[in-house]
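Here is what each chain is made of, one letter per residue.
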Amino acid sequence: MTSLFKNFRFPDRRALVICALLAGLAAIPSLVGGRYIPAVFTSILLFFILGALFDFMLGYLRIVNFGIAGFLCAGAYGSALSVQYFHITPWTGLLVGGLASAVIGLITGVLTLRLRGIYIGLTTLFVMETLRFAISNAREVTRGASGLTVGGFTPLFGMPFPRSEPITYYYIILALVIVTYAVLYAIVRSRIGLVFKAIRDDELGTSVLGIHVVRYKLFNFVVASFFVGVFGAFYAHYIGILVPTAEEFGIQRTVEILTIAYVGGRGTLWGSLLGALFLVGMQEVLRDLQEWRLVIYGLSLILIITVFPSGFAGALRQLGERFSSRAGKGAHISTKGDA
Amino acid sequence: MTALLTVDHVNKSFQGVRTLTDVTFDLEPGRILGLIGPNGAGKTTMFNVISGIYSADSGRVLLDGRDITNRSPARIAGYGVGRTFQVARTFNDMTVAENLRVALVNAGLSGREERQRIAAMLDRVGLTGVRDLMVSALPDGQKKLLEAARAMMTSPRLLILDEPFGGVSAEVIDLLISIIRGLVREGVGCLVISHDIVSLPRLCEEVLVLVEGKVMTRGAISEIRNDARIVDAYLGA
Ligand SMILES: Nc1ncnc2c1ncn2[C@@H]1O[C@H](COP(=O)(O)OP(=O)(O)OP(=O)(O)O)[C@@H](O)[C@H]1O
Ligand SMILES: [Mg+2]
């Protein structure tokens with residue numbers, strides 16, 4: 001088995017684990033069937049990838065995007081409104097939503113990425129709230145607080161996507177998550193990712209090597225914004241109605257995403273899957289405590305950060321290291337570079 | 001011959017306190033100039049102005065006749081200025097080899113060329129044995145050596161080194177001196193701050209003495225050693 005995979009020259013073992021995980025994620029909801037499980041798994045995937053995107057910014061370049069829900073909002077309304085007014089398909093809407101969010105990301109990034117971290121956080125927060133406010137007030141176009149109804153995905157290659165069958169939407173998001181994760185993973189493993197690490201370690205030490213730090217931050221930020229927008233667009237067509245509330249596209253949503261990234265473990269991307277499993281799972285178990293959701297998020301954030309400062313991913317890695325050093329073999333693998 | 005580096009009447013103050021006053025000097029390619037002076041004389045500040053980390057209040061810095069005053073550090077590095085810091089700024093979260101790899105990202109090399117260049121540099125500075133070690137595990141002396149190697153990886157035309165011998169073992173100092181001399185023979189210009197009065201004369205013949213932000217004198221180390229004022233100012237610190 002291992003010798004077979006050696007010939008594939010996978011970047012590392014983690015990639016294999018991820019493939020196995022994705023296969024599991026693809027199989028379980030369709031095997032279980034029904035409507036409930038696919039819907040829960042859709043939530044898990046959505047929060048996982050948003051957490052990973054948050055982490056792509058925070059964990060790799062220390063860019064704190066408190067306005068991430070605003071980019072989700074830009075993607076959601078960008079797609080929903082283009083479908084309604086320009087009659088594009090929701091599939092094209094995914095791209096339009098991504099681009100709408102990327103443009104806002106580009107403008108925000110150009111304005112703030114040369115400043116210190118706290119200003120980026122505050123500006124993104126401001127952008128998010130401004131966007132939400134604008135959407136609430138442009139009632140003629142967006143229907144404001146009464147909510148904008150959005151159609152579902154149209155048939156693709158003869159395959160229908162009825163909302164009554166959540167499993168079909170689950171496959172859409174699974175495909176989107178795989179593509180997005182692959183892109184993020186490829187970036188993080190590339191020279192660009194190496195520069196991200198260098199910048200995180202020492203910005204000045206990086207810039208005296210002729211590396212334009214702000215350009216790398218901008219690239220990171222715009223890529224993340226684009227994908228957040230794509231998932232915003234997916235969300236719009238999945239959920240069917242958009243309301244510009246704080247729970248949907250404001251600080252509360254940001255806190256959920258941020259919690260998943262922190263609980264999962266920063267700087268790993270995949271850690272967010274653990275974060276999403278934990279938090280979405282807990283939310284499903286404690287369904288009756290809806291209003292307490294944020295409190296629960298806050299408490300679990302504090303608890304987990306105190307017990308495992310580097311999140312579930314960090315705890316798992318430590319466990320793995322302890323295990324492999326006890327086994328004697330393989331301990332050297334973890335310290336070995338792959339250049 | 002036009003100078004590689006020209007520093008022309010540079011002034012710099014911090015909160016009204018003059019740190020550099022009318023500093024003027026130049027450096028030709030293929031030459032090494034030592035920069036000495038007591039603590040707080042403004043040596044590091046001078047380096048920071050040259051490499052774009054601080055902006056000069058007035059005056060100019062030219063590289064090969066091109067005005068680089070107050071350009072960003074990345075730009076200036078791109079023009080061919082490589083530098084190290086008094087306290088090494090290595091990437092401690094990475095391996096030794098990866099540190100060197102970062103310096104090559106703008107070089108547009110293929111993966112194979114990149115690996116060859118890294119291996120060659122590791123070999124040259126004697127860090128091959130620790131290539132896959134995390135830099136955080138290295139002693140400070142090796143971090144300084146690695147930082148110098150990383151600066152050299154960018155193939156600079158001007159190399160400016162802030163206390164390259166600090167905390168570095170005797171053998172590594174020998175190695176560093178021979179590597180720098182080799183680069184200088186190829187035409188690189190080099191500016192070196194050092195408090196190490198044993199090692200510095202082995203590296204360069206000429207020094208610039210900076211005292212209280214002003215150029216006090218420039219000359220052969222052998223002469224300057226006999227100058228009572230400088231012995232007072234420099235060694236008395
Ligand atoms: N960023 C800064 N803000 C305020 N003052 C500064 C700053 N950088 C340098 N200085 C001041 O400028 C003066 C010169 O400092 P500098 O570090 O250039 O001296 P130096 O010659 O390198 O000394 P040393 O031999 O100790 O390294 C000092 O008085 C220092 O306090
Ligand atoms: Mg200094």
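What counts, and where the lines are drawn
- Residues numbered from 1 in each chain as written.
- Chains lettered and ligands numbered in written order.
- Predicted model: local features only at pLDDT ≥ 70, side-chain atom pairs only at ≥ 80, totals over all residues.
- Heavy atoms only, no water.
- Helix = DSSP H or I, 4+ residues; strand = E, 2+ residues; numbered from the N terminus.
- Rg over C-alpha atoms; globule rule 2.2 N^0.38 Å.
- Buried < 20%, exposed > 50% of the residue type's maximum accessible area, 1.4 Å probe, protein only.
- Contact = heavy atoms within 4.5 Å.
- Areas by Shrake-Rupley, 256 points an atom, 1.4 Å probe, with all protein chains shown as cover.
- Pairing = 2+ DSSP bridges.
- Axes fitted to C-alpha atoms, helices over the stretch in contact; angles between N-to-C directions.
- Buried area = accessible area lost by both parts, 1.4 Å probe.
- Salt bridge = Lys/Arg side-chain N within 4 Å of Asp/Glu carboxyl O.

Per an unreviewed UniProt entry, the recorded name for chain B is Branched-chain amino acid transport system ATP-binding protein, and the organism is Ancylobacter amanitiformis.

Chain A is annotated in an unreviewed UniProt entry as Branched-chain amino acid transport system permease protein of Ancylobacter amanitiformis.

Undergrad: How would you sum up the overall build of chain A? Please name residues and give values.
TA: Regarding its fold elements, chain A presents 16 helices and 2 strands. Over its C-alpha atoms chain A spans a radius of gyration of 20 Å, differing by no more than 12% from the 20 Å that the globule rule assigns to 339 residues. C-alpha extents for chain A along the principal axes are approximately 65 × 50 × 40 Å. In chain A, which comprises 339 residues, the share counted as buried stands at 48%. In chain A, of all internal contacts separated by at least 6 residues, the share reaching a separation of at least 24 is 76%. Accessible area for chain A stands at about 16,100 Å²; split by element, carbon and sulfur atoms hold 68% of it.

Undergrad: Requested: an account of the sheet that holds strand β2 (residues 17–27) of chain B, with residues and values cited.
TA: All names here are of chain B. Overall, antiparallel pairing links the 4 strands, which are arranged β2-β1-β4-β5 in an open sheet. Of all the strands in the sheet, the pair left with one neighbour each is β2 and β5 (66–67). Taken together, the 7 bridges between strand β1 (residues 5–14) and β2 define a ladder with antiparallel strand orientation. In the strand pairing of β2, Leu5 is matched with Leu27. Here helix α1 (residues 43–50) sits on the sheet in contact with β1, β2 and β4 (58–63), set at roughly 65° to β2.

Undergrad: Before we move on, could you go through the environment of Lys214(B) and cite the residues and values that matter?
TA: Residue and element names in this part refer to chain B. Position of Lys214 relative to the elements: it lies in strand β10 (residues 214–220). Residue Lys214 is classed as partly exposed on the basis of its relative accessible area, which comes to 45%. The sequence separation of Lys214 and Val10 amounts to 204 residues, and the corresponding C-alpha distance is 9.9 Å. Apart from residues lying up to four places away in sequence, Lys214 is in contact with Thr21 and Val209.

Undergrad: Could you give an account of the interface of chain A and chain B, with specific residues and numbers?
TA: Counting residues at the interface gives 21 residues for chain A, matched by 28 residues for chain B. On the chain A side of the interface with chain B, the three residues burying the most area are Arg191(A), Leu194(A) and Leu209(A), jointly 30% of the side's total. At the junction of chain A and chain B, the tally comes to 3 salt bridges. No other element matches the 7 residues that helix α9 (residues 191–201) of chain A contributes to the side of chain A that touches chain B.

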